[in-house]
Amino acid sequence: MDIGFIGLGAMGSAVATNLVNKSGHAVTVWNRTEAKAEPLVAAGAKLAKTPKEAGAGKSIVLQHAGG
């Protein structure tokens, strides 16, 4: 499955990390602060330049809006 993930705060990063490390699915991530995505990209996620790019053509898109 091809997954888009938007929002990498504390909870979003944890969920996205599990998807990248344990699911075997392709994960594309986007975050307003690009540096927060770096550990996920190093683990195998693809970095999107925009939220639209993160969701384009994906089987599922997850958005975590912390607050």
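Here, every reference points to the structure presented above.
Parameters and conventions
- Residues numbered from 1 in each chain as written.
- Predicted model: local features only at pLDDT ≥ 70, side-chain atom pairs only at ≥ 80, totals over all residues.
- Heavy atoms only, no water.
- Helix = DSSP H or I, 4+ residues; strand = E, 2+ residues; numbered from the N terminus.
- Rg over C-alpha atoms; globule rule 2.2 N^0.38 Å.
- Buried < 20%, exposed > 50% of the residue type's maximum accessible area, 1.4 Å probe, protein only.
- Contact = heavy atoms within 4.5 Å.
- Areas by Shrake-Rupley, 256 points an atom, 1.4 Å probe, with all protein chains shown as cover.
- Lys, Arg positive; Asp, Glu negative; His and termini not counted.
- Charge placed at Lys NZ, Arg CZ, Asp CG, Glu CD.
- Expected span 1.5 Å × (residues − 1).
- Arc of directions from axis to C-beta.

Some points on the overall build of the protein
Thought 1: If you tally the helices and strands in the protein, you get three helices and four strands.
Thought 2: In the protein, the order of α-helices and β-strands from amino to carboxyl end is β-α-β-α-β-α-β.
Thought 3: For 67 residues, the compact-globule formula gives about 11 Å, and the C-alpha radius of gyration of the protein, at 10 Å, lands near that figure.
Thought 4: For the protein, the spread of C-alpha atoms along the principal axes amounts to about 25 × 25 × 20 Å.
Thought 5: Within the protein, the proportion of its 67 residues that are buried is 33%.
Thought 6: Of all intrachain contacts in the protein linking residues separated by at least 6 positions in sequence, the fraction that spans at least 24 positions is 51%.
Thought 7: Carbon and sulfur atoms form 56% of the exposed surface of the protein, whose accessible area is close to 4,100 Å².
Thought 8: Side chains of the protein give 7 positive and 4 negative charges; the mean places of these two sets differ by 5 Å.

Focus on helix α1 (residues 10-23)
The α-helix advances 3.6 residues per turn, and as a result positions three or four apart in sequence lie on the same side.
Thought 1: A rise of 1.5 Å per residue sets the reference length of α1, with its 14 residues, at 20 Å; its end C-alpha atoms lie 19 Å apart and thus fit the reference within 8%.
Thought 2: Within the sequence span of α1, burial applies to G12, S13, A16, L19 and V20. The buried residues of α1 occupy an angular sector of 125° when the element is viewed end-on, so they sit on one face. What points out from α1, more than 90 degrees from its buried face, is the exposed set A10, M11 and K22.
Thought 3: Buried residues along α1 sit against β1 (2-6), β2 (26-30), α2 (38-43) and β4 (60-63).
Thought 4: At the exit of α1 stands G24, carrying a positive phi of roughly 80°.

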